[in-house]
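# Close look at the chain arrangement
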Amino acid sequence: MDKKKSSGGMNIGLRRAIAYIVLILLSFLCLFWFYVLFINATRSNGELGKGFTAIPSTHLIENLHNVLTGTLPMMRGMRNSLIVSGFTALFCTYFSVMTAFAIQAYEFKAKNAIFTFILMIMMIPTQVSALGFVQLVNRMGLADNFIPLIVPAIASPVVFFYMKQYMESNLPMSLLEAARIDGAGEFYIFNGIVLPLMKPAIAVQAIFSFVSSWNNYFTPSLILHKDKMKTLPILIAQLRAADWLKFDMGQVYAAIAFSIFPVIVVYLFLSRYIVGGVSAGAVKG
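Here we summarise the structure given alongside this text. None of these values were measured; they are calculated from a predicted model.

What counts as what
Residues numbered from 1 in each chain as written. Predicted model: local features only at pLDDT ≥ 70, side-chain atom pairs only at ≥ 80, totals over all residues. Heavy atoms only, no water. Helix = DSSP H or I, 4+ residues; strand = E, 2+ residues; numbered from the N terminus. Rg over C-alpha atoms; globule rule 2.2 N^0.38 Å. Buried < 20%, exposed > 50% of the residue type's maximum accessible area, 1.4 Å probe, protein only. Contact = heavy atoms within 4.5 Å. Areas by Shrake-Rupley, 256 points an atom, 1.4 Å probe, with all protein chains shown as cover. Salt bridge = Lys/Arg side-chain N within 4 Å of Asp/Glu carboxyl O. Axes fitted to C-alpha atoms, helices over the stretch in contact; angles between N-to-C directions. Parallel < 35°, antiparallel > 145°, perpendicular 65-115°, else oblique. Nonpolar A, V, L, I, M, F, W, Y, C, P; charged D, E, K, R; others polar. Expected span 1.5 Å × (residues − 1). Phe/Tyr/Trp six-rings, centres within 6.5 Å; stacked < 30°, edge-to-face > 60°. Patch = residues over 30% accessible without salt bridge, like charges linked within 9 Å, V, L, I, M, F, W, Y side chains within 5 Å. Bend = angle between axes of the 7 residues up to and from the residue. Polar contact = N/O pair within 3.5 Å; in protein donor to acceptor, adjacent residues only side chain to side chain.

### A word on the overall build of the protein
- Along the backbone of the protein there are 15 helices and 0 strands.
- Here the protein has a C-alpha radius of gyration of 24 Å; the compact-globule value for 285 residues is 19 Å, and the former is much larger.
- For the protein, the residues scored as buried account for 36% of the 285 residues in total.
- Sequence-distant contacts, at least 24 apart, represent 74% of the contacts inside the protein between residues at least 6 apart.
- Counting every atom, the protein has about 17,200 Å² of accessible surface; 69% of that belongs to carbon and sulfur.

Put into structure tokens, the structure is as follows:
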């Protein structure tokens, strides 16, 4: 028995050691490219042409100054990206929770058909409807406007599905029935009871929605044409497309590092909800 216990303990210790090694390797692979980015942001265009070095240089302030004072309105682009991404994350999570609550908490005809239809939309790529979407936006006079970037993003089947799965394992229907017996209205139940219970899932999906909208280049590039209305990914692409006389790879890296900073802040602010939200939102076995 003692030998079996000792061998079992050794196996657990070995598996734990392997798990830690794998996690360390994965963390290194994920963080290494951020390190490369910030190192390159400190180097000049000439230094970057000589190849990679792991030692930071002294041109970070110069690169950032050139980016922020150049011909492209980077600070305006930062503000535009914050507006689009912030409102997208807010509305997307709120209305996805509301839709998931309607499917989960109420019984009505065609409930399963609606659920299946929403999931089918997940299979449709954005590029398929891009041409018709741009034509519709132009007819409505909404070109160079943030509304076409925010309103359609509210309908997110992926976020809805995650919220639905989270509700199945974390939203007790008995609590809602008790609130109804006490005379609570449906909007109070949703805003006062359901939303607080869904806070971990909302935080997780808010991060994903914010990052997805922040990094989105395809749709904004079709809608936004004036420099003062463009988001950061479009401006960074323009910076990279500069002619060879004005092209400075150090400025490009500095601009990318500048654009990543708000995402890191949002992640750090909401990261404490990620582990609990992801594990609790998993499908029941």
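### Some remarks on the pattern of salt bridges
- Under the counting rule described, the total for this entry stands at 5 salt bridges.
- In this structure, K111 engages E107 in a salt bridge whose closest nitrogen and oxygen atoms are separated by 3.2 Å.
- Overall, K111 belongs to the buried group, its relative accessible area being 14%.
- Judged by its relative accessible area of 71%, E107 is exposed.
- In this structure, R180 and E186 form a salt bridge, with 2.8 Å as the shortest nitrogen-oxygen distance.
- Given a relative accessible area of 32%, E186 falls into the partly exposed group.
- The network of salt bridges with common partners includes E177, R180 and E186.

### A few points about the packing of helix α11 (residues 199-215) against helix α14 (residues 249-270)
- Where α11 meets α14, the axes come as close as 10 Å, and the angle between the chain directions of the two elements is 175°. The orientation of α11 relative to α14 falls into the category roughly antiparallel. Every residue of α14 that contacts α11 at A203, A206, I207, F210, V211 and W214 is listed here: S259, P262, V263, V266, Y267 and L270.
- Looking at the contact of α11 with α14 residue by residue, the class counts come to 11 nonpolar, 1 polar and no charged.

### Considering the packing of helix α4 (residues 74-105) against helix α9 (residues 173-181)
- In contact at an axis separation of 12 Å, α4 and α9 are set at 90° when each is read in the N-to-C sense. On the basis of their axis angle, the class for α4 and α9 is roughly perpendicular. In this structure, α4 uses F101, Q104 and A105 to contact α9, whose residues at the interface are M173, L176 and R180.
- Looking at the contact of α4 with α9 residue by residue, the class counts come to 4 nonpolar, 1 polar and 1 charged.

### Re helix α8 (residues 157-170)
- For α8, built from 14 residues, the straight-helix expectation of 20 Å at 1.5 Å per residue is met to within 8% by its first-to-last C-alpha distance of 20 Å.
- Taken together, the buried positions of α8 are occupied by P157, V159, F160, Y162, M163, K164, Q165, Y166 and M167.

### Thoughts on the packing of aromatic side chains
- Tallied over the full model, the rule gives 10 aromatic pairs.
- Clustering of aromatic rings is evident, with ring pairs tying together F87, F91, Y94, F95, F101, Y106 and F190.

### Details of a nonpolar patch on the surface
- On the surface, L14, I18, Y20, V22, L23, I24, L26, F28 and L29 cluster together to form a nonpolar patch covering roughly 930 Å² of accessible area.
- By the secondary structure assignment, L14 is in helix α1 (residues 2-41).
- With a relative accessible area of 51%, L14 lands in the exposed category.

### Description of α14
- With 22 residues, α14 should cover 32 Å at 1.5 Å per step; its first-to-last C-alpha distance of 32 Å lies within 8% of that length.
- Of all the bends in α14, the greatest, near 25°, is centred on F261, and the proline P262 appears no more than four residues after it.
- Those residues of α14 that sit buried are G250, Q251, V252, A254, A255, A257, F258, S259, I260, P262, V263 and L270.
- Its side-chain oxygen 2.9 Å from the backbone nitrogen of G250, D248 forms the N-cap of α14.

### What to know about the environment of V134
- Of note, V134 is situated in helix α6 (residues 130-139).
- In sequence terms V134 and A105 are 29 residues apart; their C-alpha atoms lie 36 Å from each other.

Shape is all these values report; function is a separate question.
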